[in-house]
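# Summary of structural features
Given next are the chains, with one letter for each unit.
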Amino acid sequence: MGLDILYGFKVATTPENLLFCFVGVLLGTLVGVLPGIGPAGAMALLLPISLKITPVGSFIMLAGIYYGSMYGGSTTSILVSIPGEPASVMTCVDGYQMALQGRAGPALGISAIGSFVAGTLSVVALMIVALPLAKGALQFGPPEFFCLVLMGLTLVTYLSQKSPEKAFMSALLGMLLSWVGLDLINGQSRFTFGLLELNDGFGIIPLVMGLFGISEVFMELEQDERIELVKGKIKNLLPDREDLRRCAMPILRSSILGFLLGILPGGGGIIANFMAYIMEKRLSKHPEGFGKGEIIGVAAPESANNAAAGGAFIPLLSLGIPMNATVAILFAALLIHGVRPGPLLIQSHPEIFWGIIASMYIGNVLLLILNLPLIGLWVKVLRIPYRIIFPMILLFCIIGAYALNLSTLDLKLMLGFGILGYLMRKFDFDTAPLVLAFLLGPMMEVSMRQALIISQGSFSIFVTRPLSAICLGVAVVLLLTNIFPFLKRRWRILRG
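Residues numbered from 1 in each chain as written. Predicted model: local features only at pLDDT ≥ 70, side-chain atom pairs only at ≥ 80, totals over all residues. Heavy atoms only, no water.

### As for the overall build of the chain
- Helices and strands together make up the secondary structure of the chain, namely 22 helices and 2 strands.
- Computed over C-alpha atoms, the radius of gyration of the chain comes to 23 Å, within 12% of the 23 Å expected from 2.2 N^0.38 for 496 residues, which places it in the range of a compact globule.
- With the principal axes as the frame, the chain shows a C-alpha extent of 70 × 65 × 50 Å.
- Burial statistics for the chain: of 496 residues in total, 55% are counted as buried.
- Pairs at least 24 residues apart make up 80% of the contacts formed inside the chain by residues separated by at least 6 positions.
- Counting every atom, the chain has about 21200 Å² of accessible surface; 69% of that belongs to carbon and sulfur.
- Side-chain charges in the chain split into 33 positive and 27 negative, and the spacing between the mean points of these groups amounts to 5 Å. (Helix = DSSP H or I, 4+ residues; strand = E, 2+ residues; numbered from the N terminus. Rg over C-alpha atoms; globule rule 2.2 N^0.38 Å. Buried < 20%, exposed > 50% of the residue type's maximum accessible area, 1.4 Å probe, protein only. Contact = heavy atoms within 4.5 Å. Areas by Shrake-Rupley, 256 points an atom, 1.4 Å probe, with all protein chains shown as cover. Lys, Arg positive; Asp, Glu negative; His and termini not counted. Charge placed at Lys NZ, Arg CZ, Asp CG, Glu CD.)

Have a look at this one:
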């Protein structure tokens, strides 16, 4: 492993990859600072550009946006009590109170330190866990992959922040969209309505640009609110020795918790942010201080959401299964480059696997160096009206979608998905299950059909093999726990 990580640093420290890492973490921090855009939206916007660079450089840049946004999300949480990224929502509680008390500097400082420690620990854990998991996954056959993907999608709907019923409907729509195009087994056209351009299916770039970019523009231009910043100059960015002593164990505990929760499907960073705050409040000898400017209330959730970002890479790199919408775009970026994430990634593309891990070490250091000195710049960025920012994003979406295939159909699809994403947000539907089902649908379909070919049409193959039976059982239990409460409510309504 020692020689492998050295090889990774050799890949990651080439001038071009260092530049991509720097650009990624810088843009990620900016995305985290600006409320509303989100890492998924930013990565969707940059997906067309990533096609013009190497697979390693593309993944390094997009991954930098992902974990960099976790750093930047704390800035607006502390200064204006608006989470720049959903995974920083609990940081608002004590961070903003510290800012009102004139302690914005130490709050931002402990946030950066906690994020750095958690990010570094999560990369170490990723390096240790991913290898044995990938080796174990080499034993998987079509039945295991089908049941594993089914369980993952079921978990996404079960853990959704929105209504489970709506999340399930979103996943079914994503699955339906993934079936458009040529049948992967027999080559027949499906749901193309005679359009030859749809034989390859819907493109991932128009879909994610529409769902995350265009819909966000529609939502934010509806509001067009100016942010009110905390008055006064931000100073004393480094916390004192007592603050560091008190925050040391909470940062460590929250890093471990966040990493474990990040592996789960759905909003790992959001769940980790909440759970770390609740855990530290319960463990504290003075829980009454939380909500009134307790520095641990900033350190713990910020450490947890950054560790969760590292944990989310484990199922992607080891099993080839993205567990949230943001990681799904990373998955799509590699697929577009012809690289298949999963158990064989380490063997077939070691430069990508080890280069990514090494770049995450470098990226965490860059973020620590960048975060504190650039606070003044981020404050100025926050003053730019959204009516200027979002039309620029709209223009970038149009150029990116059209330039890929020079197709007006892609523009129409992007606009259609943008309207769909806008309506889903208005009616409180979660878009993450749709994206994950769209990307995993072909894998799920092919694995199921291959398994049935092997078993000569017998569905017993899914329950006679231990691992597939366990995954299928978990999926069925989760589905039933969602269906029973729904049926119970409908029965009560019918009975009056």
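### Topic: the packing of helix 3 (residues 38-50) against helix 4 (residues 55-80)
- Running from N to C, helix 3 and helix 4 point in directions that differ by 165°, and their axes come no closer than 10 Å. Comparing their axes, helix 4 and helix 3 come out roughly antiparallel. Crossing of helix 3 against helix 4: the hand is right-handed. For the pair formed by helix 3 and helix 4, the contact residues are Pro39, Ala42, Met43, Leu46, Leu47 and Ser50 on the first element and Ser58, Met61, Leu62, Ile65, Tyr66 and Ser69 on the second. (Axes fitted to C-alpha atoms, helices over the stretch in contact; angles between N-to-C directions. Parallel < 35°, antiparallel > 145°, perpendicular 65-115°, else oblique. Left-handed = near helix turned anticlockwise from the far one by under 90°.)

### Comments concerning the nonpolar core
- One finds Phe59, Leu207, Val208, Phe313, Phe353 and Ile357 to be the most contacted residues of the largest nonpolar core, which totals 122 residues.
- Ranked by the residues each element gives to this core, the list is headed by helix 20 (residues 432-454), at 12 residues.
- Not counting residues within four places of it along the chain, the set of residues in contact with leucine 207 comprises Leu177, Phe417, Leu434, Val435 and Phe438.
- Listed in part, the 21 residues of the second largest apolar core include Met90, Ala104, Ala107 and Cys247. (Core = buried A, V, L, I, M, F, W, Y, C linked by side-chain atoms within 4.5 Å.)

### Digging into the pattern of salt bridges
- Here the structure, examined in full by the defined rule, presents 9 salt bridges.
- Between arginine 465 and glutamate 144 there is a salt bridge, and its shortest N-O distance comes to 3.0 Å. Pair noted here: arginine 465 is in the loop between helix 21 (461-464) and helix 22 (466-495) and glutamate 144 is in helix 7 (residues 142-158), with a separation of 321 residues, a long-range link.
- Across the salt bridge formed by glutamate 445 and arginine 190, the nearest N and O atoms sit 2.7 Å from each other. Taken together, the residues glutamate 445 in helix 20 and arginine 190 in strand 2 (residues 189-190) connect sequence positions 255 residues apart. For the pair formed by glutamate 445 and arginine 190, the shared burial category is buried.
- One continuous salt-bridge network, built from bridges that share partners, spans Asp183, Arg190, Glu445 and Arg449. (Salt bridge = Lys/Arg side-chain N within 4 Å of Asp/Glu carboxyl O.)

### A word on the packing of helix 5 (residues 91-100) against helix 6 (residues 104-137)
- At their nearest, the axes of helix 5 and helix 6 sit 7 Å apart, and the two run at 145° to each other. When helix 5 is examined against helix 6, the residues Gly95, Met98 and Ala99 are found in contact with a partner set consisting of Ala104, Pro106 and Ala107.

### Some words on unusual backbone geometry
- Even without being glycine, phenylalanine 191 reaches a positive phi, approximately 55°.
- Residue position: phenylalanine 191 is located in the loop between strand 2 and helix 9 (204-223).
- Despite not being glycine, aspartate 428 has its phi angle at roughly 65°, a positive value.
- You can see aspartate 428 is positioned in the loop between helix 19 (408-426) and helix 20.

### A short note on a nonpolar patch on the surface
- On the surface, a cluster of nonpolar side chains totalling about 460 Å² of accessible area is made up of Leu121, Met249, Leu252, Ile256 and Leu260.
- If you tally residues by element for the nonpolar patch, the top one is helix 10 (residues 241-262), at 4 residues.
- Mapped onto the elements of the fold, methionine 249 is located in helix 10. (Patch = residues over 30% accessible without salt bridge, like charges linked within 9 Å, V, L, I, M, F, W, Y side chains within 5 Å.)

### A short note on the state of the cysteines
- Under the defined criterion, the tally for this structure stands at 0 disulfides.
- Cysteine 247 takes part in no disulfide bond, and the closest cysteine sulfur, belonging to cysteine 92, lies 17 Å away.
- Residue cysteine 247 is classed as buried on the basis of its relative accessible area of 1%.
- Left unpaired, cysteine 471 is separated from the closest cysteine sulfur, that of cysteine 147, by 6.5 Å. (Disulfide = S-S within 2.5 Å.)

### Remarks on helix 10
- With 22 residues, helix 10 ought to run about 32 Å at 1.5 Å a step, and its terminal C-alpha atoms sit 30 Å apart, in line with that.
- Among all positions of helix 10, only Asp243, Cys247, Pro250, Ile251, Ser254, Ser255, Gly258, Phe259, Leu261 and Gly262 are buried.
- At the N-terminal end of helix 10, a side-chain oxygen is found 3.2 Å from the backbone nitrogen of glutamate 242, two or three residues along, and the residue is aspartate 240. (Expected span 1.5 Å × (residues − 1). Polar contact = N/O pair within 3.5 Å; in protein donor to acceptor, adjacent residues only side chain to side chain.)

### Quick look at the packing of aromatic side chains
- Evaluated as defined, the whole model comprises 9 aromatic pairs.
- Considering the side-chain rings of phenylalanine 146 and phenylalanine 462, the 5.0 Å spacing of their centres and the 45° angle between planes classify their relative orientation as tilted. With phenylalanine 146 in helix 7 and phenylalanine 462 in helix 21, this residue pair connects regions lying 316 residues apart in the sequence. For the pair phenylalanine 146 and phenylalanine 462, one class covers both residues: buried. (Phe/Tyr/Trp six-rings, centres within 6.5 Å; stacked < 30°, edge-to-face > 60°.)

### Looking at the environment of serine 122
- Positionally, serine 122 belongs in helix 6.
- A C-alpha to C-alpha distance of 25 Å links serine 122 and proline 433, two positions 311 residues apart in sequence.

### A word on the confidence of the model for the chain
- Looking at the chain as a whole, the pLDDT averages 81, with 91% of positions reaching at least 70.
- In the model of the chain, helix 17 (residues 375-382) stands out as the element of lowest mean pLDDT, 70, in contrast to helix 21, which has the highest, 90. (pLDDT = per-residue confidence, 0-100.)

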